[in-house]
Structure formats: structure tokens, C-alpha cells
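Below, each chain spelled out in residue letters.
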Amino acid sequence: MGSYRLMKSLLKLPSLALASSASIPTTLTLSTSRLHTSPTLFCCCTSNNPTNLTGRDFLSLPDEKLLTQCQMDTFRVSGPGGQHRNRRDSAVRLKHLPTGIVAQAVEDRSQHKNRTSALQRLRVLLALKVRNSVYLEAYSPPPELLQILPAKSTIRGSDCGQQIGPNNPKFIPGMQALLDLIHAVEGSISDAAKLLGLSTGALSRLILSDDSLRMAVNELRASKED
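Residues numbered from 1 in each chain as written. Predicted model: local features only at pLDDT ≥ 70, side-chain atom pairs only at ≥ 80, totals over all residues. Heavy atoms only, no water.

The name given to the chain in an unreviewed UniProt entry is Peptide chain release factor class I, with the source organism recorded as Dillenia turbinata. UniProt's Sequence similarities (unreviewed entry) comment on the chain is quoted here verbatim: "Belongs to the prokaryotic/mitochondrial release factor family." (UniProt positions renumbered as here; feature names shortened; annotations may be inferred.)

Right under this line is the structure:
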């Protein structure tokens with residue numbers, strides 16, 4: 001597939017259509033397999049940030065520290081499962097207080113497992129929705145971004161190891177760094193590709209490899225066109 005067709009596919013895939021009549025929810029529920037985000041972003045570089053932490057800092061926190069930044073609520077869910085599912089408040093909702101981002105897990109009977117799952121999805125949402133400042137004049141991709149780039153990148157050294165894919169938890173901070181860059185270049189895939197030593201087609205394929213990343217790029221580009 002050529003670069004032009006790949007770029008067009010970022011905006012034309014049905015699963016990525018942006019409907020003005022129904023905003024995509026900020027909350028992530030783990031009972032669904034696809035992650036949805038709203039176009040609203042939290043920028044650590046603004047005065048709205050009540051902490052001195054950056055988006056990268058949030059993602060680097062261990063689970064215990066990240067939990068201290070959250071308000072946790074437990075609740076009971078209705079639905080199939082018979083007599084065993086709803087006897088206790090096992091569903092977990094986490095609200096990240098510095099950013100207001102919410103993630104929840106409802107699919108397991110174990111509150112502990114739901115909390116672990118909600119934390120993992122919160123990390124994904126932080127990566128997708130929290131933007132960090134990028135200085136383009138002397139831009140150098142952070143290590144977490146280099147790790148998710150394909151081997152054909154001209155700036156990716158051999159010390160980066162094999163490319164990390166979407167199924168690896170280490171993909172999450174790399175995804176955040178990539179979105180930071182695309183945000184900084186006003187949604188231009190070609191400009192971002194040049195800074196990453198990639199062709200436009202190669203960067204487009206990386207974006208298309210993960211549904212949540214693809215949707216976030218779509219929304220970011222659409223917001224820049226408004």
C-alpha cells in the first residue's frame with residue numbers, strides 16, 4: 001500500500017469515523033475489547049496541571065504510587081452471570097485526580113483483579129490523552145519512542161533491540177511519545193516521519209498497528225483541522 005493510501009486510511013476506516021453528534025467517552029471500561037478516547041487532551045505544560053509531574057512521569061510510576069493519585073470506587077454491575085456475579089461490589093473505577101481521567105474494570109468477580117486491570121487501562125488512557133511539551137528545534141526521540149519504531153528508521157540504533165509491538169506494555173510510553181510529537185507538528189504525519197527517520201508510509205503502518213493509537217491520531221488530526 002502506498003504512502004498516500006495509508007495516510008488516507010487513517011481518516012477513512014469506519015472504526016475511526018468521528019461523529020460530532022456523539023462524543024467518545026473519556027471513561028474506559030474493560031468489558032470492551034476496543035479502547036475509546038475523547039478528543040479532549042490534558043497538557044502537562046499548562047497551568048491546569050496541579051502537580052509538577054509530566055505525562056512521562058505518570059507512566060513511570062509503579063502501580064502503588066499511581067494508585068495514590070487515584071480515587072477508587074467499587075460498585076456492583078448488573079448483567080449476565082447468574083447468582084455468582086453480583087454478590088459483592090467487585091467492579092472498580094479509578095479516577096486519576098491530577099488529570100480527571102477515569103478507567104474502570106467490571107468483568108472479573110475478583111476486586112483485586114479488576115483493580116489491576118483498571119490500572120493497566122488507566123496507563124493506556126494517560127498515554128493517549130496526556131500531552132507533553134516537545135521542542136522541535138532540537139528534537140531527539142526519547143528511548144521509549146525509539147523502541148517502538150521499525151528497524152528501517154534511520155535514527156534507530158542497534159542498541160534499541162527488537163521493535164516493541166502493541167502487545168508489549170512497553171509500547172504504552174512509546175505511544176505517548178509518538179502522540180506528543182504528532183501533536184507538536186500539528187498532526188502532520190509526513191513531518192513526524194521525517195523527524196523519526198521514516199517514510200510516511202512506514203509511520204502510517206506503525207499508527208495503524210494499534211486501534212487506540214490510530215483513533216487518537218485521527219482525533220488529533222481532526223481537531224487540528226477545526
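Let us now look at the overall build of the chain. Scanning the chain from N- to C-terminus turns up nine helices and six strands. A burial count over the chain gives 45% of its 226 residues as buried. Surface summary for the chain: the accessible area is close to 11800 Å², and the carbon and sulfur share equals 49%. (Helix = DSSP H or I, 4+ residues; strand = E, 2+ residues; numbered from the N terminus. Buried < 20%, exposed > 50% of the residue type's maximum accessible area, 1.4 Å probe, protein only. Areas by Shrake-Rupley, 256 points an atom, 1.4 Å probe, with all protein chains shown as cover.)

Following the criterion strictly, the structure yields zero aromatic pairs and no others. Above the face of the phenylalanine 75 ring, arginine 93 is positioned so that its terminal group lies 4.3 Å from the ring centre. (Phe/Tyr/Trp six-rings, centres within 6.5 Å; stacked < 30°, edge-to-face > 60°. Lys NZ or Arg CZ within 6 Å of the ring centre and 35° of its normal.)

Now for helix H9 (residues 211-225). An ideal rise of 1.5 Å per residue puts 21 Å on 15 residues; H9 measures up with 21 Å between its terminal C-alpha atoms. The complete set of buried residues in H9 reads Ser212, Leu213, Arg214, Met215, Ala216, Val217, Asn218, Glu219, Leu220 and Arg221. (Expected span 1.5 Å × (residues − 1).)

As a further point, take the confidence of the model for the chain. Predicted coordinates in areas of low pLDDT are best not read in detail. Summary statistics for the chain give a mean pLDDT of 81 and a share of 72% for residues scoring 70 or more. Here residues 12-39 is a poorly scored stretch, pLDDT under 50, and it has 60 contacts once near neighbours within four places are set aside; other chains count. (pLDDT = per-residue confidence, 0-100. Contact = heavy atoms within 4.5 Å.)

Per the counting criterion, the structure on display carries five salt bridges. Residue arginine 56 pairs with glutamate 144 through a salt bridge whose shortest N-O separation is 2.7 Å. Here the residue arginine 56 occupies a position in helix H2 (residues 55-60), and glutamate 144 occupies one in helix H5 (residues 143-146), the gap between them amounting to 88 residues. Measuring nitrogen to oxygen at the nearest pair gives 2.5 Å for the salt bridge that ties arginine 214 to aspartate 211. On the criterion of helical spacing, the pair formed by arginine 214 and aspartate 211 is a turn pair, its members being three residues apart in helix H9. (Salt bridge = Lys/Arg side-chain N within 4 Å of Asp/Glu carboxyl O.)

Taking 1.5 Å as the rise per residue, helix H4 (residues 111-129) with 19 residues should run 27 Å; its terminal C-alpha atoms sit 26 Å apart, in good agreement. Among the residues of H4, those classed as buried are Asn114, Ser117, Ala118, Leu119, Leu122, Arg123, Val124, Leu125, Leu126, Ala127, Leu128 and Lys129. Between the side-chain oxygen of the N-cap and the backbone nitrogen of histidine 112 there are 3.4 Å, and the N-cap of H4 in question is serine 110. (Polar contact = N/O pair within 3.5 Å; in protein donor to acceptor, adjacent residues only side chain to side chain.)

Another aspect to go through is unusual backbone geometry. Most peptide bonds take the trans configuration, and most residues that are not glycine carry a negative phi. The backbone phi angle of glutamate 186 is positive, close to 60°, even though this residue is not glycine. Structurally, the position occupied by glutamate 186 is in the loop between helix H6 (171-184) and helix H7 (189-195).

Membership of the largest hydrophobic core comes to 48 residues, with the highest contact counts inside it found for Leu178, Leu196 and Leu203. Apart from the residues within four sequence positions on either side, leucine 196 is in contact with Tyr139, Pro141, Leu145, Leu149, Ser153, Ile155, Leu178, Leu181 and Leu203. (Core = buried A, V, L, I, M, F, W, Y, C linked by side-chain atoms within 4.5 Å.)

Here the focus is the environment of glutamine 69. For glutamine 69, the position within the fold is in the loop between helix H3 (63-68) and strand E3 (70-75). On the basis of relative accessibility, which here comes to 14%, the residue glutamine 69 falls in the buried class. Sequence separation of glutamine 69 and phenylalanine 58 is eleven residues, and the distance between their C-alpha atoms is 9.4 Å. In contact with glutamine 69, other than residues within four places in its own chain, are Leu53, Phe58, Leu61, Lys95, His96, Leu97 and Pro98.

It is worth spelling out the side chain of arginine 123 at this point. Along the chain, arginine 123 falls in helix H4. Here arginine 123 falls in the buried class, since its relative accessible area comes to 11%. At a separation of 2.8 Å, a polar atom in the side chain of arginine 123 contacts the main-chain carbonyl oxygen of leucine 59.

Further remarks concern the packing of H6 against helix H8 (residues 200-208). Interaxial distance between H6 and H8 falls to 12 Å at its minimum, and their mutual angle equals 130°. By the angle class used here, H6 and H8 are oblique. Taken as a pair, H6 and H8 cross one another with a handedness that is left-handed. Seen from H6, the contacting residues are Phe171, Leu178 and Ile182; seen from H8, they are Leu203, Leu206 and Ile207. Here the residues of the contact of H6 with H8 are counted per class, giving six nonpolar, no polar and no charged. (Axes fitted to C-alpha atoms, helices over the stretch in contact; angles between N-to-C directions. Parallel < 35°, antiparallel > 145°, perpendicular 65-115°, else oblique. Left-handed = near helix turned anticlockwise from the far one by under 90°. Nonpolar A, V, L, I, M, F, W, Y, C, P; charged D, E, K, R; others polar.)

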